[in-house]
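So the chains spell out like this:
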Amino acid sequence: MILLSLILIPFAAGIISFLWKNDSVKGWALAASLLTLGIAAFACMVNTSNSLMFNANWISSLGARINLLGNGMSMMLVLLTAIVFPVIFITQWNKPQTEIHRFTGLMLLSQAGLMGVFLANDLLLFYFFWELALIPVYFLCSTWGGEKRIPVTFKFFVYTFLGSLLMLAGIIYLYLQTPGRTFDWETIKQTGASLPAMEQQVLFCLFFIAFGIKMPVFPFHTWQPDTYEQSSTPVTIVLSALMVKMGLFATVKWLVNVLPGGTAYWTNTVMVLSVTGIIYASLIAMVQSDMKRLIAYSSIAHIGLMSLGIFANDPNGIAMNGLMVQMFNHGINITGMWLIVAMVEQRYGTRNLRELGGMAGSAPTMAIAMVIIAFANIALPLTNGFVGEFMLFHGIFQSSNPHHITFMVLAGLGVILGAVYTLNMVQKVAYGEAKTSVVVKDVSRNEMLGLIIIIGLIILLGVYPKLLFGIIG
Amino acid sequence: MMFAALSVKDKKTFTLLATILLSVLVGVNIYELSHIMKGEVPEAMFNGMLKYGSFSIWFNTLMTAVALLYVLLCGRNIEKVGQHVGEYYALIFFILCGANLLSGYNNLLILFLGIEIISIPQYILAGSDKRNLKSSEASLKYFLMGSFSTGILLMGIALLYGSMGTFDITRFNFMEHSVNAMSLAGILFLVVAFGFKVSAAPMHFWTPDVYDGAPTPFTAIMATVVKAAIFVAFFRLFSETFGGISAHWNLVLSIVTALTLFIGNITAVFQQSVKRMLAYSSIAQAGFMLFAVVAVNATGSKGIIIYSVAYSVATIGMFAVLMKLKDYTYDGFNGLGKKQPFLAFAATIFLLSLAGIPLTGGFFAKYFVLTAVMEQGPGMMWLVIFALLMAAISVYYYFKVLMAMYFKKGDPELADTVSGSDRLFLGIAVALIIVMGVAPDLLLAWLKN
């Protein structure tokens, strides 16, 4: 029941938001998301032995059930989702926003979809939520954002929808092979593993294209920088902090576990793609002058490292644990990054690095926050980013893959480049001479609250990462 | 209904009468069905020429209900087409009668009769807006092409009769007679004739002009109830009778399916008018329904039920929204989201359903027909992947309407006010689609075996 409420509360709150006619809908959305956060935190505490589950009848003639399971990784991402949404609502509190009730309604619906994706233990249910998360985001991106938002979002939608459809073919194929026709995870897992090698390889492609587009992994990433740039910041946060995790999470739960034969066959290909993505995105990030595009490319590089971790296959499973930690931390850090970008853009009216400078003089708190979040983004020790990346590299180092050292060195190169472009951005925005005479205000109270939550988590989890391992179990 | 045209003068009365009669028909169908569900063996009628099992009666119930929804949503527009409202309704009832024959026929003659009873009222309805040249053109075109395909249908039936010695499809036995050229030619003629009636490529050329030219309320019924009924006839004949020798015709039909999907989807992309786009989209959707015929199995029969209902409700709903607007181009939808939020929301759900997005009936429609084909083995995988690529293309033209409604600025002119009852019935249609998308079992529970 606890798990079900994590999906139903945002869903119901979202529907109610649509009907709400005045500005107090903001308070309603915040209250609903805080309630969700409370339940998620409680669920993480009681879920010590992966005991949380929910199972009810759904479509009996198909053998589909409403089957939810909270294991370590899903609870981690549920918690992340539950944290990010209130932070968005808090920092958006004072921002002028048109059609606020539609905005909050769609946001809460996408939260319900995300929760469902992370919790679903039934393949058809998973597919439902996978799409449910996408549709509200499509409307969010297209309604609020930059000038080119409509075609850009449409490209994003067609990309991901095509991926979903290919996955649907894979889902039906797997389903037809199961004994007694069921979508249950355990049965799917056994069925998938017992399929002949050739079929597993083809199925792997069908699933991986869907997940790879969502992550996004090179060369399926072309929708991503445009979409991040054009959509408004709250939506960018949902996309980059949470929706990309859908791809990573699904790869672990529904691909690597289900199709071991296919995974073994394609591991090297995926790892090469991931490393290419890391280097390629880092190099492009270095020459970006738009802050949003820069962070978008940096995100591709980070995701590349995580997908490398999924396929590292080290004997002790360190990479997998590192991946889980890093998924959470990346979500927190990139949320912080986008918050800063939004504040800069709101105050200076531009995101162009060439037109920015000297923020530390007029807005010192903002500059400090930016530096801390940037440090976390490049994984400096004592920040949360360090823990995850360290474990990922450790895992890749111990990997049984014959080329693991090459992959590790190249991925390490990506980290160094990451420091180059991130610090370059900090330097250009926060320091140097002020390029405009505009006097900017420092952080407002609600922005401060949002930043405190983010920075608090960055330092807390950097110093005491054991909290996260408790959730992983 | 036909006699009512003589005595009733007020146009509104016709709609009311049609509503009542259709409700009664739905009730009678459900009553019949409840008998069959209790285990009574259905009796054959007219010397075994007609036989209604649970599938047929359930299909009749659903189609009558869809027609009821159609009258509720489009009744006001039917009244506006011209002076002879009573006749229009009588013709629509004829179509429904033909549809009922098609779901229960056991004899090729009844099949022919059913198809003609469905077709002839359509020729008239297409041309009912007599002052409009396009409407007359649609009628003539449809009539000429339709009679041509009727000839082919008769030819096919004659060839089958020649090789089998009977019209009774239950007595067709392809094991005794080794399959010969004559019966195969007959089957091929039937594929062409059915293909014409359901607008499968390459026999689809009449569809866009006829759907575009006919008065919109009549396009709505031509694209839904008629199409679904002919599909059921197609499915029943090919799965029950020719299922055993599917190896002989499956490839031809697969190619027809792929071609239909391709032409329907690609051409729909280039349309400027939403009405014409819906005509091409109905070709594309027919491609998906053909999947059920290609599959020849029990999942296919479930698929065809769900597809018929989900597609019909969404299409009728979409036409109902369209009729509220003056301008049928995409630009005519600009800014509808602001001006008429409910109308736009309903259109959104209908379009999402047509595109096959989960949580709508359209998803399970596609799901069932795809599953049905995949059950036939990995050999059909190419068709499935191809269809999915085409489904991704279909998103393009369906979402173009969404984009116009929500993201473009404009002040759409309404042809008609949106009354409270319009809202209520659109709301019911939306609710039906979502219920089908969450619990498709409700539609299948009435199917026996």
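Model, not experiment: these values are computed from the prediction.

Peer 1: Residue-level account of the overall build of chain A, with values.
Peer 2: Per the secondary structure count, chain A includes 19 helices and two strands. Against the globule reference of 23 Å for 473 residues, chain A gives a C-alpha radius of gyration of 21 Å, in line with a compact fold. Over its C-alpha atoms, taken along the principal directions, chain A stretches across nearly 70 × 55 × 45 Å. When the 473 residues of chain A are sorted by exposure, 66% land in the buried category. For chain A, the accessible area works out to roughly 15,800 Å², and carbon and sulfur atoms hold 67% of it.

Peer 1: Just give me the short version of the overall build of chain B, but keep the residues and values in it.
Peer 2: Looking only at helices and strands, chain B has 18 helices and two strands in total. Against the globule reference of 22 Å for 449 residues, chain B gives a C-alpha radius of gyration of 21 Å, in line with a compact fold. A principal-axis box enclosing the C-alpha atoms of chain B has dimensions of 65 × 55 × 45 Å. Buried positions account for 64% of the 449 residues belonging to chain B. Within chain B, contacts between residues separated by at least 24 positions form 80% of all contacts whose residues are at least 6 apart in sequence. A total accessible area of about 16,000 Å² is found for chain B, and carbon and sulfur atoms account for 68% of it. Of note, chain B has its 28 positive side-chain charges centred 6 Å away from the centre of its 22 negative side-chain charges.

Peer 1: I'd like a description of the side chain of B:Glu116, backed by residues and values.
Peer 2: Residue and element names in this part refer to chain B. Note that Glu 116 resides in helix 5 (residues 108-126). Although Glu 116 is buried, it makes no salt bridge; Lys 197 carries the closest opposite charge, 4.6 Å away. Every residue in contact with Glu 116, bar those within four places of it in the chain, is listed here: Pro 121 and Thr 150.

Peer 1: Before we move on, could you go through the nonpolar core and cite the residues and values that matter?
Peer 2: By size, the foremost hydrophobic cluster in this structure holds 367 residues, and its most contacted members are A:Leu124, B:Phe238, B:Phe242, B:Phe333 and B:Tyr367. Here this core takes 19 residues from helix 16 (residues 381-407) of chain B, the largest share from any one element. In this view, B:Phe242 contacts B:Leu160, B:Phe172, B:Phe174, B:Ile187, B:Leu190, B:Leu237 and B:Trp249; residues no more than four positions away in its chain are not counted.

Peer 1: I'd love a proper account of the packing of aromatic side chains, names of residues and values included.
Peer 2: Counted according to the given criterion, the structure contains 61 aromatic pairs over all chains. Joined through ring pairs, the aromatic side chains of A:Trp58, A:Tyr127, A:Phe128, A:Tyr175, A:Phe183, B:Phe363, B:Phe364, B:Tyr367 and B:Phe368 make up one cluster. Sitting over the face of the ring of A:Trp185, A:Lys253 holds its NZ or CZ atom 5.3 Å from the ring centroid.

Peer 1: How would you explain the side chain of B:Asn250 if you had to name every residue and give the values?
Peer 2: Tracing the chain through its elements places B:Asn250 in helix 10 (residues 246-269). Leaving out residues up to four positions away in the same chain, B:Asn250 has contacts with B:Val294 and B:Met380.

Peer 1: Give me the lowdown on the pattern of salt bridges, citing residues and values where you can.
Peer 2: Residue and element names in this part refer to chain A. In total, this model carries 18 salt bridges over all chains according to the counting rule given. Note that Glu 229 is salt-bridged to Arg 293, the shortest N-O span being 2.4 Å. Placement of Glu 229 in helix 9 (residues 223-230) and of Arg 293 in helix 12 (residues 291-310) is noted, with a sequence separation of 64 residues between them. Accessibility expressed as a relative area gives 17% for Glu 229, which makes it buried. Residue class for Arg 293 comes out buried when judged on its relative accessible area of 18%.

Peer 1: Quick one: what's the story with a nonpolar patch on the surface, residue by residue and with numbers?
Peer 2: All names here are of chain A. A grouping of Leu 283, Met 286, Val 287, Leu 410, Leu 413, Ile 416 and Val 420 is seen on the molecular surface, where their side chains present a nonpolar patch of about 600 Å² in accessible area. Going through the elements one at a time, helix 11 (260-286) and helix 17 (404-430) are the ones with two or more residues in the nonpolar patch. With four residues, helix 17 is the single largest residue contributor to the nonpolar patch. In this structure, Met 286 sits in helix 11.

Peer 1: Could you give me a rundown of the interface of chain B and chain A, with the residues and numbers involved?
Peer 2: Taken residue by residue, the interface counts 35 residues in chain B and 34 residues in chain A. Both faces combined, the contact of chain B with chain A buries some 3,000 Å², and carbon together with sulfur accounts for 83% of it. Taking the shortest distance from any N to any O, the salt bridge between A:Glu99 and B:Lys338 comes out at 3.9 Å. Along the contact surface separating chain B from chain A lie four residue pairs in polar contact (both at pLDDT 80 or more). Within the residue set of the side of chain B that touches chain A, elements represented by two or more residues are helix 14 (341-355), helix 15 (361-374), helix 16, helix 17 (420-438) and helix 18 (441-444) of chain B. No other element matches helix 16 of chain B, which puts 14 residues into the side of chain B that touches chain A. A class-by-class count of the residues in the side of chain B that touches chain A yields 29 nonpolar, three polar and three charged.

Peer 1: Just give me the short version of the environment of A:Gln111, but keep the residues and values in it.
Peer 2: Residues and elements named next belong to chain A. Mapped onto the elements, Gln 111 comes out in helix 4 (residues 100-119). Once the C-alpha coordinates of Gln 111 and Ala 133 are considered, the two residues, 22 residues apart in sequence, prove to be 7.1 Å apart. The residues touching Gln 111, leaving out its near neighbours within four places in the chain, are Pro 10, Thr 36, Thr 81, Ala 82 and Phe 85.

Peer 1: Please give an account of the pairing of strand 1 (residues 53-59) of chain A that cites residues and values.
Peer 2: Residues and elements named next belong to chain A. Relative to strand 2 (residues 64-69), strand 1 runs antiparallel, the two being bridged by six bridges. In the strand pairing of strand 2, Ile 59 is matched with Ala 64. Counted between consecutive antiparallel strands, the loop separating strand 1 from strand 2 contains four residues, among which Gly 63 sits at a positive phi close to 75°.

Peer 1: Tell me about helix 8 (residues 206-213) of chain B, residues and numbers included.
Peer 2: All names here are of chain B. Extensive coverage of helix 8 is indicated by the burial of seven of its eight residues. Looking at helix 8, one finds that the buried residues are Trp 206, Thr 207, Pro 208, Val 210, Tyr 211, Asp 212 and Gly 213. Looking at the buried residues of helix 8, the elements they touch are helix 6 (133-164), helix 7 (181-197), helix 9 (216-241) and helix 11 (274-295).

Peer 1: Which residues make up the packing of helix 5 of chain B against helix 6 of chain B, and what values do they have?
Peer 2: Residues and elements named next belong to chain B. Packing of helix 5 against helix 6 leaves a shortest axis separation of 9 Å and a crossing angle of 175°. Of the possible angle classes, the one that applies to helix 5 and helix 6 is roughly antiparallel. Here helix 5 contributes Leu 108, Phe 112, Ile 115, Glu 116, Gln 122, Tyr 123 and Ala 126 to the contact with helix 6, which in turn contributes Ser 135, Ser 139, Tyr 142, Phe 143, Gly 146, Ser 147, Thr 150, Leu 153, Leu 154, Ile 157 and Leu 160. For the contact of helix 5 with helix 6, a count of residues per class yields 11 nonpolar, six polar and one charged.

Peer 1: Tell me what's going on with the confidence of the model for chain B, and back it up with residues and numbers.
Peer 2: All names here are of chain B. Scored by pLDDT, chain B comes out at a mean of 86, with 96% of its residues at no less than 70. Mean pLDDT values for the elements of chain B range from 58 in helix 1 (residues 4-7) up to 92 in helix 14. Interface scoring of the predicted complex returns ipTM 0.89; its pTM is 0.91.

Peer 1: Account for helix 2 (residues 11-37) of chain B, naming residues and giving values.
Peer 2: Counted at 1.5 Å a residue, the expected span for helix 2 of chain B with its 27 residues is 39 Å, and the 39 Å between its end C-alpha atoms agrees. Just downstream of helix 2 of chain B, B:Gly39 is the residue with a positive phi angle, here 110°.

Peer 1: Mind laying out the environment of B:Gly213, listing which residues take part and the relevant values?
Peer 2: Residues and elements named next belong to chain B. Within the secondary structure, Gly 213 is located in helix 8. Along the backbone, Gly 213 and Ile 169 are 44 residues apart, and their C-alpha atoms lie at a distance of 37 Å. In contact with Gly 213, not counting residues within four places along its chain, are Lys 134, Ser 135 and Ala 138.

Peer 1: Please give an account of unusual backbone geometry that cites residues and values.
Peer 2: For the peptide bond that leads from A:Met215 to A:Pro216, omega is -10°, which places it in the cis range. Summarising the element assignment, A:Pro216 is placed in the loop between helix 8 (197-214) and helix 9. For the bond from B:Ala201 to B:Pro202, the omega torsion is 0°, close enough to zero to count as cis. Along the chain, B:Pro202 falls in the loop between helix 7 and helix 8. With a phi angle near 55°, A:Asn313 is a residue other than glycine that sits in the positive phi range. On the secondary structure map, A:Asn313 appears in the loop between helix 12 and helix 13 (318-348). On the basis of relative accessible area, A:Asn313 is assigned to the exposed category, the value being 56%.

Peer 1: Tell me about the environment of B:Val210, residues and numbers included.
Peer 2: Residues and elements named next belong to chain B. With respect to the element layout, Val 210 can be found in helix 8. In this structure Val 210 comes out as buried when scored by relative accessible area, which is 0%. In sequence terms Val 210 and Tyr 142 are 68 residues apart; their C-alpha atoms lie 6.5 Å from each other. Setting aside residues no more than four positions away along its own chain, Val 210 makes contact with Ala 138, Tyr 142 and Met 222.

How each quantity is defined
Residues numbered from 1 in each chain as written. Chains lettered and ligands numbered in written order. Predicted model: local features only at pLDDT ≥ 70, side-chain atom pairs only at ≥ 80, totals over all residues. Heavy atoms only, no water. Helix = DSSP H or I, 4+ residues; strand = E, 2+ residues; numbered from the N terminus. Rg over C-alpha atoms; globule rule 2.2 N^0.38 Å. Buried < 20%, exposed > 50% of the residue type's maximum accessible area, 1.4 Å probe, protein only. Areas by Shrake-Rupley, 256 points an atom, 1.4 Å probe, with all protein chains shown as cover. Contact = heavy atoms within 4.5 Å. Lys, Arg positive; Asp, Glu negative; His and termini not counted. Charge placed at Lys NZ, Arg CZ, Asp CG, Glu CD. Salt bridge = Lys/Arg side-chain N within 4 Å of Asp/Glu carboxyl O. Core = buried A, V, L, I, M, F, W, Y, C linked by side-chain atoms within 4.5 Å. Phe/Tyr/Trp six-rings, centres within 6.5 Å; stacked < 30°, edge-to-face > 60°. Lys NZ or Arg CZ within 6 Å of the ring centre and 35° of its normal. Patch = residues over 30% accessible without salt bridge, like charges linked within 9 Å, V, L, I, M, F, W, Y side chains within 5 Å. Buried area = accessible area lost by both parts, 1.4 Å probe. Polar contact = N/O pair within 3.5 Å; in protein donor to acceptor, adjacent residues only side chain to side chain. Nonpolar A, V, L, I, M, F, W, Y, C, P; charged D, E, K, R; others polar. Pairing = 2+ DSSP bridges. Axes fitted to C-alpha atoms, helices over the stretch in contact; angles between N-to-C directions. Parallel < 35°, antiparallel > 145°, perpendicular 65-115°, else oblique. pLDDT = per-residue confidence, 0-100. Expected span 1.5 Å × (residues − 1).

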